[in-house]
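Chains, contacts and geometry: an overview
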Amino acid sequence: MTDNNDYLLKTENLFKWFPTRIGILSRTVAYVKAVDGVSIGIRRGETFGLVGESGCGKTTLGRTLMRLTEPSKGSVTFEGTVISALKGSRLKPFRRKMQVVFQDPYASLDPRQSIGSALLEPMKIHRIASTKSEAKKMAGELLAKVGLNPDHLARFPHEFSGGQRQRIAIAIALAVKPSFIILDEPTSALDVSVQAQILRLLRNLQQELDLTFLFISHNLAVIRQMCDRTAVMYLGRIVEFADTKKLFENPKHPYTKALLSSVPVPDPSKRRELGVLQGNVPSPVAIPSGCRFRTRCPYATEKCLNLPPPLIEVERGHWIECHYDIDFSAASKVEILPRVT
(Lines give C-alpha, C1' and ligand atoms only; values in the text may rest on other atoms or scores of the structure.)
Protein backbone atom coordinates (compact mmCIF):
# COMPACT_ATOMS: atom_id res chain seq x y z
CA MET A 1 0.00 0.00 0.00
CA THR A 2 3.01 2.29 0.23
CA ASP A 3 4.74 2.00 -3.14
CA ASN A 4 3.79 5.44 -4.49
CA ASN A 5 6.56 8.06 -4.65
CA ASP A 6 4.04 10.88 -4.26
CA TYR A 7 3.44 10.08 -0.59
CA LEU A 8 4.10 12.94 1.79
CA LEU A 9 4.16 10.55 4.74
CA LYS A 10 4.31 6.79 4.96
CA THR A 11 4.89 4.12 7.55
CA GLU A 12 6.44 0.69 7.14
CA ASN A 13 5.47 -2.02 9.63
CA LEU A 14 5.04 0.47 12.48
CA PHE A 15 4.66 -0.83 16.04
CA LYS A 16 3.94 0.87 19.34
CA TRP A 17 3.78 -1.46 22.33
CA PHE A 18 3.42 -0.18 25.90
CA PRO A 19 4.97 -2.40 28.60
CA THR A 20 2.82 -3.51 31.53
CA ARG A 21 4.95 -3.63 34.67
CA ILE A 22 4.35 -4.97 38.18
CA GLY A 23 6.19 -5.08 41.49
CA ILE A 24 8.75 -2.80 43.06
CA LEU A 25 11.26 -3.82 40.38
CA SER A 26 8.83 -2.81 37.60
CA ARG A 27 9.12 -6.17 35.91
CA THR A 28 7.55 -6.25 32.44
CA VAL A 29 4.92 -8.99 32.29
CA ALA A 30 3.05 -8.06 29.09
CA TYR A 31 2.67 -5.45 26.40
CA VAL A 32 -0.31 -3.37 25.30
CA LYS A 33 -0.11 -3.66 21.52
CA ALA A 34 -1.69 -0.33 20.62
CA VAL A 35 -0.19 -0.17 17.11
CA ASP A 36 0.81 -3.57 15.79
CA GLY A 37 2.43 -3.44 12.36
CA VAL A 38 0.77 -0.61 10.43
CA SER A 39 1.83 0.37 6.90
CA ILE A 40 0.05 3.35 5.32
CA GLY A 41 0.87 6.09 2.83
CA ILE A 42 -0.65 9.59 2.81
CA ARG A 43 -0.49 11.53 -0.46
CA ARG A 44 0.25 15.23 -0.75
CA GLY A 45 -2.85 17.39 -0.59
CA GLU A 46 -5.29 14.64 0.38
CA THR A 47 -7.40 14.05 3.47
CA PHE A 48 -6.67 10.54 4.72
CA GLY A 49 -9.30 9.10 7.07
CA LEU A 50 -8.62 6.74 9.95
CA VAL A 51 -11.69 5.18 11.54
CA GLY A 52 -12.40 2.50 14.13
CA GLU A 53 -13.86 1.80 17.55
CA SER A 54 -12.59 3.55 20.66
CA GLY A 55 -9.37 1.94 21.87
CA CYS A 56 -8.35 0.50 18.49
CA GLY A 57 -5.12 2.56 18.39
CA LYS A 58 -6.09 5.51 16.15
CA THR A 59 -4.81 8.26 18.44
CA THR A 60 -1.66 6.29 19.37
CA LEU A 61 -0.88 5.90 15.67
CA GLY A 62 -1.30 9.65 15.14
CA ARG A 63 0.93 10.48 18.10
CA THR A 64 3.56 8.01 16.90
CA LEU A 65 3.60 9.60 13.45
CA MET A 66 4.29 12.95 15.12
CA ARG A 67 7.00 11.42 17.35
CA LEU A 68 5.02 12.57 20.38
CA THR A 69 5.22 8.87 21.22
CA GLU A 70 8.33 6.97 20.23
CA PRO A 71 7.72 3.94 17.97
CA SER A 72 8.69 0.52 19.28
CA LYS A 73 9.65 -0.72 15.82
CA GLY A 74 9.20 0.18 12.17
CA SER A 75 9.72 3.44 10.31
CA VAL A 76 7.97 6.75 9.64
CA THR A 77 9.06 8.57 6.48
CA PHE A 78 8.15 12.21 5.86
CA GLU A 79 9.10 13.99 2.63
CA GLY A 80 11.55 11.20 1.86
CA THR A 81 13.32 11.35 5.24
CA VAL A 82 13.01 8.58 7.83
CA ILE A 83 12.07 10.79 10.78
CA SER A 84 11.66 7.84 13.16
CA ALA A 85 15.47 7.70 13.27
CA LEU A 86 15.99 11.42 13.96
CA LYS A 87 16.58 13.04 17.34
CA GLY A 88 17.11 16.49 18.83
CA SER A 89 17.95 19.34 16.46
CA ARG A 90 17.69 17.06 13.40
CA LEU A 91 14.03 16.44 14.18
CA LYS A 92 13.13 20.09 14.85
CA PRO A 93 12.53 21.13 11.18
CA PHE A 94 10.01 18.32 10.83
CA ARG A 95 8.25 19.41 14.03
CA ARG A 96 7.42 22.61 12.21
CA LYS A 97 6.05 20.82 9.14
CA MET A 98 3.85 18.42 11.14
CA GLN A 99 1.18 19.73 13.50
CA VAL A 100 -1.81 18.32 15.37
CA VAL A 101 -5.27 19.52 16.41
CA PHE A 102 -6.56 17.55 19.40
CA GLN A 103 -10.08 16.49 20.27
CA ASP A 104 -10.69 18.75 23.29
CA PRO A 105 -9.52 22.32 22.63
CA TYR A 106 -9.93 23.35 26.25
CA ALA A 107 -7.60 20.55 27.39
CA SER A 108 -5.01 21.34 24.70
CA LEU A 109 -4.94 25.09 25.44
CA ASP A 110 -3.15 26.45 28.52
CA PRO A 111 -5.85 28.23 30.59
CA ARG A 112 -3.24 30.63 32.00
CA GLN A 113 -1.82 31.59 28.62
CA SER A 114 -3.43 34.26 26.46
CA ILE A 115 -4.37 33.43 22.90
CA GLY A 116 -1.74 35.85 21.60
CA SER A 117 0.98 34.19 23.68
CA ALA A 118 -0.09 30.73 22.49
CA LEU A 119 0.21 31.88 18.89
CA LEU A 120 3.49 33.74 19.33
CA GLU A 121 5.33 30.95 21.20
CA PRO A 122 5.65 28.48 18.26
CA MET A 123 6.54 31.37 15.92
CA LYS A 124 9.39 32.29 18.26
CA ILE A 125 10.63 28.70 18.61
CA HIS A 126 10.71 28.13 14.86
CA ARG A 127 11.71 31.71 13.95
CA ILE A 128 8.71 32.33 11.72
CA ALA A 129 8.81 36.13 12.15
CA SER A 130 11.86 38.39 12.27
CA THR A 131 10.41 40.85 14.80
CA LYS A 132 7.83 40.72 17.61
CA SER A 133 5.61 43.28 15.88
CA GLU A 134 5.61 41.16 12.72
CA ALA A 135 4.72 38.09 14.78
CA LYS A 136 1.79 39.92 16.41
CA LYS A 137 0.54 40.99 13.01
CA MET A 138 0.73 37.41 11.76
CA ALA A 139 -1.11 36.20 14.88
CA GLY A 140 -3.94 38.62 14.22
CA GLU A 141 -4.11 37.49 10.59
CA LEU A 142 -4.30 33.86 11.70
CA LEU A 143 -7.26 34.60 13.97
CA ALA A 144 -9.00 36.35 11.08
CA LYS A 145 -8.24 33.40 8.81
CA VAL A 146 -10.05 31.00 11.16
CA GLY A 147 -13.02 33.33 11.56
CA LEU A 148 -12.21 35.10 14.84
CA ASN A 149 -11.64 38.73 15.78
CA PRO A 150 -7.94 39.70 15.54
CA ASP A 151 -8.45 42.01 18.54
CA HIS A 152 -8.96 38.99 20.83
CA LEU A 153 -5.27 38.16 21.20
CA ALA A 154 -5.24 39.32 24.83
CA ARG A 155 -8.14 37.05 25.85
CA PHE A 156 -7.86 33.64 27.54
CA PRO A 157 -9.36 30.27 26.53
CA HIS A 158 -12.19 30.34 29.09
CA GLU A 159 -13.59 33.47 27.42
CA PHE A 160 -14.42 31.54 24.23
CA SER A 161 -17.01 28.93 23.28
CA GLY A 162 -16.04 25.37 22.37
CA GLY A 163 -16.19 26.07 18.64
CA GLN A 164 -14.12 29.23 19.03
CA ARG A 165 -11.51 27.37 21.07
CA GLN A 166 -11.22 24.76 18.33
CA ARG A 167 -10.70 27.57 15.80
CA ILE A 168 -7.92 28.89 18.06
CA ALA A 169 -6.33 25.42 18.18
CA ILE A 170 -6.40 25.32 14.38
CA ALA A 171 -4.80 28.79 14.23
CA ILE A 172 -2.01 27.64 16.57
CA ALA A 173 -1.37 24.62 14.34
CA LEU A 174 -1.13 26.95 11.33
CA ALA A 175 1.21 29.38 13.09
CA VAL A 176 4.37 27.56 11.96
CA LYS A 177 3.16 27.11 8.35
CA PRO A 178 2.97 23.30 8.33
CA SER A 179 2.32 21.08 5.34
CA PHE A 180 0.76 18.18 7.29
CA ILE A 181 -1.82 18.32 10.11
CA ILE A 182 -3.24 15.46 12.16
CA LEU A 183 -6.86 16.15 13.09
CA ASP A 184 -7.64 13.92 16.08
CA GLU A 185 -11.44 13.91 16.49
CA PRO A 186 -11.53 17.70 15.89
CA THR A 187 -15.32 17.99 15.95
CA SER A 188 -16.50 15.26 18.35
CA ALA A 189 -16.79 17.66 21.33
CA LEU A 190 -18.83 20.22 19.36
CA ASP A 191 -22.50 20.76 18.55
CA VAL A 192 -23.63 19.53 15.14
CA SER A 193 -24.05 23.03 13.69
CA VAL A 194 -20.60 24.03 14.94
CA GLN A 195 -19.14 20.81 13.55
CA ALA A 196 -20.31 21.80 10.08
CA GLN A 197 -18.65 25.20 10.41
CA ILE A 198 -15.33 23.69 11.53
CA LEU A 199 -15.37 21.11 8.73
CA ARG A 200 -16.06 23.84 6.17
CA LEU A 201 -13.22 25.90 7.63
CA LEU A 202 -10.80 22.94 7.38
CA ARG A 203 -11.73 22.35 3.74
CA ASN A 204 -11.17 25.99 2.86
CA LEU A 205 -7.83 26.10 4.68
CA GLN A 206 -6.69 22.93 2.95
CA GLN A 207 -7.40 24.38 -0.48
CA GLU A 208 -5.92 27.78 0.34
CA LEU A 209 -2.74 26.56 2.05
CA ASP A 210 -2.20 23.26 0.19
CA LEU A 211 -2.40 21.18 3.37
CA THR A 212 -2.42 17.42 3.86
CA PHE A 213 -4.68 16.02 6.59
CA LEU A 214 -4.83 12.81 8.58
CA PHE A 215 -8.41 12.85 9.86
CA ILE A 216 -8.94 10.53 12.86
CA SER A 217 -12.55 9.93 13.83
CA HIS A 218 -15.17 7.40 14.85
CA ASN A 219 -17.85 9.51 13.11
CA LEU A 220 -18.41 7.73 9.81
CA ALA A 221 -20.55 10.52 8.39
CA VAL A 222 -17.73 13.02 8.88
CA ILE A 223 -15.19 10.62 7.39
CA ARG A 224 -17.37 10.11 4.32
CA GLN A 225 -17.76 13.87 3.85
CA MET A 226 -14.15 14.87 4.42
CA CYS A 227 -11.80 12.10 3.32
CA ASP A 228 -10.37 11.05 -0.04
CA ARG A 229 -9.17 7.65 1.18
CA THR A 230 -9.98 5.81 4.38
CA ALA A 231 -8.36 3.10 6.48
CA VAL A 232 -10.35 1.02 8.98
CA MET A 233 -8.46 0.11 12.14
CA TYR A 234 -9.19 -2.78 14.50
CA LEU A 235 -7.11 -3.75 17.53
CA GLY A 236 -3.93 -2.05 16.34
CA ARG A 237 -4.11 -3.16 12.69
CA ILE A 238 -5.48 -1.77 9.43
CA VAL A 239 -8.10 -4.30 8.32
CA GLU A 240 -9.44 -2.46 5.26
CA PHE A 241 -8.25 0.41 3.11
CA ALA A 242 -9.73 2.02 -0.02
CA ASP A 243 -11.00 5.20 -1.64
CA THR A 244 -13.65 6.55 0.70
CA LYS A 245 -16.50 6.36 -1.82
CA LYS A 246 -15.62 2.76 -2.70
CA LEU A 247 -15.25 1.80 0.95
CA PHE A 248 -18.68 3.13 1.90
CA GLU A 249 -20.50 1.84 -1.16
CA ASN A 250 -18.91 -1.61 -1.29
CA PRO A 251 -17.14 -2.59 1.97
CA LYS A 252 -15.35 -5.94 1.84
CA HIS A 253 -14.27 -6.74 5.39
CA PRO A 254 -16.99 -8.01 7.79
CA TYR A 255 -15.86 -5.54 10.47
CA THR A 256 -16.28 -2.62 8.07
CA LYS A 257 -19.69 -3.93 7.06
CA ALA A 258 -20.76 -4.03 10.71
CA LEU A 259 -19.47 -0.50 11.32
CA LEU A 260 -21.33 0.93 8.34
CA SER A 261 -24.55 -0.90 9.14
CA SER A 262 -24.57 0.75 12.58
CA VAL A 263 -24.86 4.26 11.10
CA PRO A 264 -28.43 5.58 11.64
CA VAL A 265 -30.49 6.24 8.52
CA PRO A 266 -32.50 9.53 8.73
CA ASP A 267 -35.61 7.91 7.26
CA PRO A 268 -38.11 6.31 9.71
CA SER A 269 -39.86 4.49 6.87
CA LYS A 270 -36.69 2.68 5.80
CA ARG A 271 -36.12 -0.57 7.67
CA ARG A 272 -32.89 -2.55 7.66
CA GLU A 273 -31.21 -5.22 9.71
CA LEU A 274 -28.15 -4.20 11.71
CA GLY A 275 -24.94 -6.19 11.52
CA VAL A 276 -24.48 -6.48 15.27
CA LEU A 277 -21.22 -8.16 16.24
CA GLN A 278 -21.11 -10.64 19.09
CA GLY A 279 -18.75 -10.17 22.00
CA ASN A 280 -16.43 -7.35 22.98
CA VAL A 281 -13.18 -6.13 21.49
CA PRO A 282 -10.38 -8.32 22.91
CA SER A 283 -7.79 -6.74 25.16
CA PRO A 284 -4.73 -5.37 23.32
CA VAL A 285 -2.70 -7.16 25.99
CA ALA A 286 -4.08 -10.56 24.91
CA ILE A 287 -4.69 -10.40 21.18
CA PRO A 288 -6.25 -13.58 19.73
CA SER A 289 -4.09 -15.92 17.69
CA GLY A 290 -4.45 -15.96 13.93
CA CYS A 291 -6.92 -13.30 12.78
CA ARG A 292 -7.50 -10.84 15.61
CA PHE A 293 -11.09 -10.29 14.45
CA ARG A 294 -11.98 -14.00 14.47
CA THR A 295 -13.58 -13.94 17.97
CA ARG A 296 -16.30 -11.61 16.67
CA CYS A 297 -16.38 -12.49 12.98
CA PRO A 298 -19.53 -14.30 11.76
CA TYR A 299 -17.49 -15.89 8.94
CA ALA A 300 -14.58 -17.25 11.00
CA THR A 301 -13.20 -20.66 9.97
CA GLU A 302 -10.57 -23.01 11.34
CA LYS A 303 -7.98 -21.29 9.16
CA CYS A 304 -8.65 -17.99 10.98
CA LEU A 305 -7.77 -19.65 14.29
CA ASN A 306 -4.06 -20.10 13.65
CA LEU A 307 -2.95 -18.35 10.47
CA PRO A 308 -2.44 -14.55 10.42
CA PRO A 309 -4.60 -13.09 7.63
CA PRO A 310 -2.81 -11.91 4.48
CA LEU A 311 -3.19 -8.40 3.05
CA ILE A 312 -5.12 -8.83 -0.19
CA GLU A 313 -5.89 -6.31 -2.93
CA VAL A 314 -9.45 -7.36 -3.76
CA GLU A 315 -9.87 -4.51 -6.26
CA ARG A 316 -7.46 -1.92 -7.55
CA GLY A 317 -6.56 0.26 -4.57
CA HIS A 318 -8.91 -1.66 -2.26
CA TRP A 319 -7.11 -3.78 0.34
CA ILE A 320 -8.34 -5.96 3.17
CA GLU A 321 -6.52 -8.00 5.80
CA CYS A 322 -8.48 -11.25 5.69
CA HIS A 323 -8.32 -14.88 4.54
CA TYR A 324 -11.15 -13.97 2.16
CA ASP A 325 -12.53 -17.54 1.95
CA ILE A 326 -16.05 -16.16 1.59
CA ASP A 327 -17.22 -13.74 -1.08
CA PHE A 328 -18.08 -10.92 1.32
CA SER A 329 -19.04 -8.63 -1.55
CA ALA A 330 -22.00 -10.91 -2.31
CA ALA A 331 -23.34 -10.68 1.24
CA SER A 332 -26.08 -8.13 1.77
CA LYS A 333 -25.47 -7.89 5.50
CA VAL A 334 -23.33 -9.29 8.28
CA GLU A 335 -25.11 -12.38 9.61
CA ILE A 336 -24.68 -13.78 13.07
CA LEU A 337 -23.30 -17.30 12.60
CA PRO A 338 -21.46 -19.70 14.92
CA ARG A 339 -17.98 -18.42 15.73
CA VAL A 340 -14.64 -20.07 16.29
CA THR A 341 -13.56 -19.45 19.89
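The structure displayed is predicted, hence computed values, not measured ones.

Relative to the elements of secondary structure, Thr47 occurs in strand S4 (residues 47-51). At 3.0 Å, the side chain of Thr47 and the side chain of Gln206 are in polar contact. With sequence-adjacent residues up to four places away left out, Thr47 is seen in contact with Gln206, Phe213, Phe215, Met226, Cys227, Asp228 and Arg229.

This part covers the sheet that holds strand S10 (residues 229-234). Whether parallel or antiparallel, the strands of a sheet pair through hydrogen bonds between backbone atoms. Read from one edge to the other, the open sheet built from 8 strands follows the order S7-S8-S9-S4-S10-S11-S13-S12, with strand pairing classed as mixed. Because the sheet does not close on itself, it has two edges, and the strands there are strand S7 (98-101) and strand S12 (311-315). On average, adjacent strands in this sheet sit at an angle of 20° to one another, irrespective of strand direction. The pairing of strand S8 (residues 180-184) with strand S9 (residues 212-217) spans 5 bridges and is parallel. Across the sheet, residue Phe180 finds its bridge partner in S9, namely Thr212. In the packing of helix H6 (residues 162-174) onto the sheet, the strands contacted are S7 and S8, and the crossing angle to S7 comes to about 175°. Packed onto the sheet, helix H10 (residues 254-261) meets S10 and strand S11 (237-243) and runs at close to 105° relative to S10.

As a further point, take the packing of H6 against helix H7 (residues 192-209). The interhelical angle for the contact between H6 and H7, taken along N-to-C directions, is 15°, at an axis separation of 10 Å. In terms of orientation, H6 and H7 fall into the roughly parallel class. Here the hand of the crossing between H6 and H7 comes out right-handed. Between H6, through Gly163, Gln166, Arg167, Ile170 and Leu174, and H7, the contact on the second element is made entirely by Val194, Gln197, Ile198, Leu201, Leu202, Leu205 and Leu209. A per-class count over the contact of H6 with H7 returns 8 nonpolar, 3 polar and 1 charged.

Core analysis: the largest hydrophobic core is formed by 63 residues, its most contacted members being Leu119, Met123, Ile170 and Phe215. Residue contributions to this core peak at 7 residues, all from H6. Excluding its chain neighbours within four sequence positions, the residues that come into contact with Met123 are Ile128, Ala129, Ala135, Met138, Ala139, Leu142, Ala175 and Val176.

Note on placement: Ala144 falls in helix H5 (residues 132-145). Its relative accessible area of 43% is what places Ala144 among the partly exposed residues.

Right, let's talk about the confidence of the model for the protein chain for a bit. Across the protein chain, the average pLDDT comes to 88, with 90% of residues at 70 or higher. Here residues 329-341 scores under 50 on pLDDT; set against residues more than four positions off or in separate chains, the count is 33 contacts.

Estimates place the volume of the largest pocket at around 570 Å³. Lining of the largest pocket is provided by 20 residues; of these, Gln99, Ser108, Ala118, Pro122 and Ile172 occupy positions nearest its centre. Residue composition of the lining of the largest pocket, grouped by class: 13 nonpolar, 4 polar and 3 charged.

Here we come to the packing of aromatic side chains. Scanning the entire structure with this criterion turns up 8 aromatic pairs. Pairing Tyr255 with Phe293 gives two aromatic rings, centres 5.5 Å apart and planes at 65°, and the pair type is edge-to-face. Of the two residues, Tyr255 is situated in helix H10 and Phe293 in the loop between H10 and helix H11 (302-306); the sequence distance between them amounts to 38 residues. With respect to burial, Tyr255 and Phe293 carry one shared label: buried. Here the aromatic residues Phe15, Trp17 and Tyr31 are joined through ring pairs into a cluster of three or more. One cation-aromatic arrangement involves Lys33 over Trp17; the distance from NZ or CZ to the ring centre is 4.6 Å. Positioned over the ring face of Phe15 is Lys73, at 4.6 Å from the centre of the ring.

What counts and how
- Residues numbered from 1 in each chain as written.
- Predicted model: local features only at pLDDT ≥ 70, side-chain atom pairs only at ≥ 80, totals over all residues.
- Heavy atoms only, no water.
- Helix = DSSP H or I, 4+ residues; strand = E, 2+ residues; numbered from the N terminus.
- Polar contact = N/O pair within 3.5 Å; in protein donor to acceptor, adjacent residues only side chain to side chain.
- Contact = heavy atoms within 4.5 Å.
- Pairing = 2+ DSSP bridges.
- Axes fitted to C-alpha atoms, helices over the stretch in contact; angles between N-to-C directions.
- Parallel < 35°, antiparallel > 145°, perpendicular 65-115°, else oblique.
- Left-handed = near helix turned anticlockwise from the far one by under 90°.
- Nonpolar A, V, L, I, M, F, W, Y, C, P; charged D, E, K, R; others polar.
- Core = buried A, V, L, I, M, F, W, Y, C linked by side-chain atoms within 4.5 Å.
- Buried < 20%, exposed > 50% of the residue type's maximum accessible area, 1.4 Å probe, protein only.
- pLDDT = per-residue confidence, 0-100.
- 1 Å grid on protein atoms, 1.4 Å probe; cavity = no way out; pocket = protein on both sides within 12 Å on 5 of 7 lines; lining within 4 Å.
- Points joined across faces, edges and corners; volume = space filled by probe spheres on them.
- Phe/Tyr/Trp six-rings, centres within 6.5 Å; stacked < 30°, edge-to-face > 60°.
- Lys NZ or Arg CZ within 6 Å of the ring centre and 35° of its normal.

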